[in-house]
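Summary of the model geometry
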Amino acid sequence: MKPAERHIAPYITIVTAMIIWSGAGIAVKASLEVLSPLQLVLVRFTIAVLLMLIIGTIGQSFSKGSLTTFSLQRIDKRDWWLFALAGLFQPFLYFILETYSYRSFATPTMAEPFLSTSPLMAPLFAFWILKEKVTVNNIIGILISTIGMVMLVLIGNQNFDIGNPWGIPLALLTTMMAVGYSIVLKRIPSHYSALTIVFWVQLVALVMFYVLWLITGPSLPAIDWGNASCQRMLLGVGYLAIFASVCAFIFFCYSVRYIGVTQANVFNNIRPVFTALLMWLFMGEHLPLGKWAGIVLVIVGLFISQRQKTIK
């Protein structure tokens with residue numbers, strides 16, 4: 001990859017990942033009409049892991065031993081703890097904490113600002129653990145983008161009831177899992193392909209989910225394949241498994257390893273932007289002026305945070 005391509009590619013992939021994840025909520029809602037949260041996670045990541053195994057096997061045969069994005073490699077014994085830790089952080093603990101966090105808040109809208117604090121936490125942990133350089137531009141951009149995200153989420157919302165106060169610490173713990181996952185990705189040796197990392201991390205998490213499923217009492221959903229809700233569930237699971245669990249995770253992994261934890265996590269603020277725009281374009285949802293201002297602030301903050309020059 002040429003230097004110019006390498007500079008642009010991580011930003012294209014991370015924006016693509018955020019677009020995919022911004023539509024995941026609709027797919028989750030459709031899937032939960034038939035499946036329980038744990039059943040959904042099991043089906044979703046089982047399909048994702050099997051798909052990556054197939055892609056990696058085919059990719060390895062075509063690569064003829066050379067490292068490519070779609071190579072599936074074996075893990076060195078001394079690196080296993082990194083993959084296990086990443087899998088523990090996300091998807092395992094992240095999805096469990098996120099589920100209970102959403103259930104604690106009165107509305108998903110109230111949960112979003114607390115679940116979107118990873119851009120604020122990432123610079124602290126990245127500097128403390130990775131000694132990653134954090135510039136004044138990073139901090140200013142993060143703050144502007146976060147203000148825009150909060151405006152986008154809360155303006156026009158009529159219900160400001162938080163609900164169960166436990167939702168706040170649960171949401172913050174969820175965010176910490178996401179930041180921890182990003183930091184571990186950065187620590188994984190660079191000779192592993194993005195597909196290799198995502199495959200083994202999700203396989204570790206999938207084993208943990210199956211253990212949890214067995215402990216809590218295994219159950220299978222009652223599915224009527226002719227029912228419209230089951231058809232929506234199939235589409236939702238397909239989207240989550242193929243796009244949200246494989247494509248988006250690989251794109252995010254690739255981007256974090258090139259642009260760093262701090263700069264990559266700022267892009268989480270753009271997810272509500274894409275969600276709002278999708279609802280405006282396809283669902284006819286009204287966007288008041290305050291929300292448009294929030295979108296502008298998110299985008300401006302992103303541009304400022306990605307500037308490499310340090311202000312002295």
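As a starting point, this report considers the structure included with it. (Residues numbered from 1 in each chain as written. Predicted model: local features only at pLDDT ≥ 70, side-chain atom pairs only at ≥ 80, totals over all residues. Heavy atoms only, no water.)

Our next topic: the overall build of the chain. Secondary structure summary: the chain contains 13 helices and 0 strands in total. Scanning the chain from its N terminus toward the C terminus, one meets helices and strands in the order α-α-α-α-α-α-α-α-α-α-α-α-α. Against the compact-globule benchmark of 20 Å for 312 residues, the chain has a radius of gyration of 20 Å, which places it among compact chains. The principal-axis extents of the C-alpha atoms in the chain amount to approximately 50 × 50 × 35 Å. Looking at the chain as a whole, 49% of its 312 residues qualify as buried. (Helix = DSSP H or I, 4+ residues; strand = E, 2+ residues; numbered from the N terminus. Rg over C-alpha atoms; globule rule 2.2 N^0.38 Å. Buried < 20%, exposed > 50% of the residue type's maximum accessible area, 1.4 Å probe, protein only.)

Turning our eyes to something else, we now look at the packing of aromatic side chains. Overall, the coordinates contain 17 aromatic pairs when judged by the stated rule. Ring centres 5.0 Å apart and planes at 80° place the aromatic pair phenylalanine 199 and tryptophan 200 in the edge-to-face group. Take phenylalanine 199 and tryptophan 200: they sit in the same class, and that class is buried. Between tryptophan 280 and tryptophan 292, the aromatic rings sit 5.1 Å apart at their centres with planes inclined by 90°, giving edge-to-face as the arrangement. Placement of tryptophan 280 in helix H12 (residues 271–282) and of tryptophan 292 in helix H13 (residues 289–305) is noted, with a sequence separation of 12 residues between them. With a relative accessible area of 31%, tryptophan 292 lands in the partly exposed category. Cluster of aromatic residues (ring-pair linked, three or more members): Phe45, Phe92, Tyr94, Phe95 and Phe209. (Phe/Tyr/Trp six-rings, centres within 6.5 Å; stacked < 30°, edge-to-face > 60°.)

Moving on, we come to the packing of helix H4 (residues 80–104) against helix H8 (residues 167–187). Where H4 contacts H8, the two axes come as close as 8 Å, and the packing angle between them is 160°. Relative to H8, H4 is oriented roughly antiparallel. Along this stretch, H4 crosses H8, giving a crossing that reads as left-handed. Facing Leu82, Leu85, Ala86, Phe89, Gln90, Leu93, Tyr94, Leu97, Glu98, Tyr100, Ser101 and Ser104 of H4, the residues of H8 in contact are Gly167, Leu170, Ala171, Leu173, Thr174, Met177, Ala178, Gly180, Tyr181, Val184 and Arg187. Classifying every residue of the contact of H4 with H8 gives 15 nonpolar, 6 polar and 2 charged. (Axes fitted to C-alpha atoms, helices over the stretch in contact; angles between N-to-C directions. Parallel < 35°, antiparallel > 145°, perpendicular 65-115°, else oblique. Left-handed = near helix turned anticlockwise from the far one by under 90°. Contact = heavy atoms within 4.5 Å. Nonpolar A, V, L, I, M, F, W, Y, C, P; charged D, E, K, R; others polar.)

Here we come to a nonpolar patch on the surface. A surface patch of nonpolar side chains, amounting to about 810 Å² of accessible area, comprises Leu278, Trp280, Leu281, Phe282, Met283, Leu289 and Trp292. Elements with a minimum of two residues in the nonpolar patch: H12 and H13. Checked against the element boundaries, phenylalanine 282 lands in helix H12. (Patch = residues over 30% accessible without salt bridge, like charges linked within 9 Å, V, L, I, M, F, W, Y side chains within 5 Å. Areas by Shrake-Rupley, 256 points an atom, 1.4 Å probe, with all protein chains shown as cover. Salt bridge = Lys/Arg side-chain N within 4 Å of Asp/Glu carboxyl O.)

The first and last C-alpha atoms of helix H10 (residues 228–259) sit 43 Å apart over 32 residues, in line with the 46 Å expected at 1.5 Å per residue. At leucine 240, H10 is deflected by roughly 30°, the largest bend along its length. Within two residues after H10, glycine 260 carries a phi angle of roughly 95°, on the positive side. (Expected span 1.5 Å × (residues − 1). Bend = angle between axes of the 7 residues up to and from the residue.)

So, about unusual backbone geometry. Non-glycine residue lysine 131 carries a positive phi angle of around 55°. Looking at the secondary structure, you find lysine 131 in the loop between helix H6 (118–130) and helix H7 (136–154).

A rise of 1.5 Å per residue sets the reference length of H12, with its 12 residues, at 16 Å; its end C-alpha atoms lie 16 Å apart and thus fit the reference within 8%. Of all the positions in H12, only Pro272, Val273, Phe274 and Ala276 are classed as buried. Once H12 finishes, glycine 284 follows within two positions and takes phi at roughly 70°, a positive value.

A few words on the environment of tryptophan 225. Checked against the element boundaries, tryptophan 225 lands in the loop between helix H9 (194–216) and H10. Taking relative accessible area as the criterion, tryptophan 225 reaches 53% and is therefore assigned exposed. The residues touching tryptophan 225, leaving out its near neighbours within four places in the chain, are Cys230, Gln231, Met233 and Leu234.

In this section: the packing of H7 against H12. Across the interface, H7 lies against H12 with an axial gap of 9 Å and an inter-helix angle of 35°. The crossing of H7 and H12 is left-handed. Counting all contacts with H7, which are made through Met149, Leu152 and Val153, the residues of H12 involved are Pro272, Val273 and Ala276. Its residues placed into classes, the contact of H7 with H12 shows 6 nonpolar, no polar and no charged.

Here we come to the pattern of salt bridges. It is possible for side chains of opposite charge to pair when their charged atoms get near one another. Tallying each qualifying case throughout the model produces 2 salt bridges. For glutamate 33, the salt bridge goes to arginine 232, with nearest N and O atoms at 2.8 Å. Of this pair, glutamate 33 sits in the loop between helix H2 (24–31) and helix H3 (37–63) while arginine 232 is found in helix H10, placing the two residues 199 residues apart along the sequence. For glutamate 33, a relative accessible area of 44% gives the class partly exposed. A salt bridge links arginine 78 to aspartate 76; the shortest N-O distance between them is 3.7 Å.

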